[in-house]
Amino acid sequence: MSYPNPPQEGHDPFQKPSGGQGYGPPPSQPQYGQPQYGQQPPQYGQQPPQYGQQPQYGGQPGFGQPPAPYAQVPPGYFPVFNSQGQQVLVPLASPGKRFGTYLLEAVLAIVTLGIGYLIWLLFAWRDGQTPGKKVTNLKYVNVDTGQVADWGKSAFRDFVIRGLVFGLLSAITFYIAFLVGAFMIFDQDKNYRAGWDRWAGTVVVDVSNVQL
């Protein structure tokens, strides 16, 4: 009877012979769901992106946000949001019409004995106007938002800035401060804004042929 040859010294019985399968235990295979070597397991609380979702890159501009700049705004116009939230170009109030409105305000205050003018003014502020601007179709517009000034903005412009601040400066400078602020309406580069318009952040537009 023949016996198998005993293993030679230095021979590895589990060494893979050439051209054949080794006799050692097969290498362990990672089971399904287990992370591979070098990969990080998903952290708790993270959700994978769902199919069909699109990444968000910021909110969309809407009503009430600052007006988007036009590619080319013609001189003498200003972008304004109307009541439907649409942005339209509205002509600026000309210096001549602004000056004529100043005179009309004085006439209306005298005719209504002051009290009637004041009551009318409180209601006109809701539309970004004064009694004189109601007649001449002028409106205040908020420079930052491009919207017609509300009651608070109009009252801040007329009562706080023009009435109190410029009234105090005029008393100190012998009415020079008021005249300087009024004649700023002839500065086309500043959109014909008076001194109180610049401090209050408003601009005056002509809505004679525009519906806001």
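Structure's up top.
This report concerns the structure included in the present document. (Residues numbered from 1 in each chain as written. Predicted model: local features only at pLDDT ≥ 70, side-chain atom pairs only at ≥ 80, totals over all residues. Heavy atoms only, no water.)

A few words on a nonpolar patch on the surface. The grouping of I115, L118, I119, L122, F123 and W151 at the surface amounts to a nonpolar patch, some 610 Å² of accessible area in total. For the nonpolar patch, the leading source of residues is helix α2 (residues 115–124), giving five residues. As for its placement among the helices and strands, L122 is situated in helix α2. The partly exposed category is assigned to L122, whose relative accessible area is 39%. (Patch = residues over 30% accessible without salt bridge, like charges linked within 9 Å, V, L, I, M, F, W, Y side chains within 5 Å. Areas by Shrake-Rupley, 256 points an atom, 1.4 Å probe, with all protein chains shown as cover. Salt bridge = Lys/Arg side-chain N within 4 Å of Asp/Glu carboxyl O. Helix = DSSP H or I, 4+ residues; strand = E, 2+ residues; numbered from the N terminus. Buried < 20%, exposed > 50% of the residue type's maximum accessible area, 1.4 Å probe, protein only.)

Turning our attention to α2. For α2, the full list of buried residues reads Y117, L121 and A124. The buried residues of α2 all sit within an arc of 65 degrees when viewed along its axis, so they share a single face. Opposite the buried face of α2, by more than 90 degrees, sit the exposed residues I115 and F123. Buried positions along α2 lie against α1 (95–111), α3 (131–136) and α4 (151–172). (Arc of directions from axis to C-beta. Contact = heavy atoms within 4.5 Å.)

For the rest of this paragraph, the subject is the packing of α4 against helix α5 (residues 176–183). Where α4 meets α5, the closest approach of the two axes is 6 Å, and the angle between their N-to-C directions is 125 degrees. It follows that α4 is oblique to α5 by the angle criterion. Listed contacts from α5 to R162, F166, L169 and S170 of α4 are A177, F178 and G181. Grouping the constituent residues of the contact of α4 with α5 by class yields four nonpolar, two polar and one charged. (Axes fitted to C-alpha atoms, helices over the stretch in contact; angles between N-to-C directions. Parallel < 35°, antiparallel > 145°, perpendicular 65-115°, else oblique. Nonpolar A, V, L, I, M, F, W, Y, C, P; charged D, E, K, R; others polar.)

Membership of the largest hydrophobic core is limited to 10 residues, which are F78, V80, V90, L92, V141, Y192, V203, V205, V207 and L212. Those elements giving two or more residues to this core turn out to be β1 (77–81) and β4 (202–206). Filtering out sequence-adjacent residues up to four positions away, V90 remains in contact with G76, Y77, F78, V80, V205, D206, V207, V210 and L212. Of all hydrophobic cores here, the second largest spans eight residues; its members include A182, I185, A194 and W196. (Core = buried A, V, L, I, M, F, W, Y, C linked by side-chain atoms within 4.5 Å.)

The full count for this structure, using the stated rule, is six aromatic pairs. When the centroid spacing of 5.5 Å and the interplanar angle of 80 degrees are considered together, the rings of W125 and W151 count as edge-to-face. With W125 in the loop between α2 and α3 and W151 in helix α4, this pair connects stretches of sequence that are 26 residues apart. Judged by relative accessible area, which is 40%, W151 ranks as partly exposed. Every member of this aromatic cluster is reached through a ring pair, and the members are F166, Y175, F178, W196 and W199. (Phe/Tyr/Trp six-rings, centres within 6.5 Å; stacked < 30°, edge-to-face > 60°.)

Looking at the secondary structure, you find V210 in the segment after β4. For V210, a relative accessible area of 22% corresponds to the partly exposed category. For the pair formed by V210 and P91, sequence separation is 119 residues and the distance between their alpha carbons is 8.9 Å. Setting aside residues up to four positions removed in sequence, V210 forms contacts with V88, V90 and P91.

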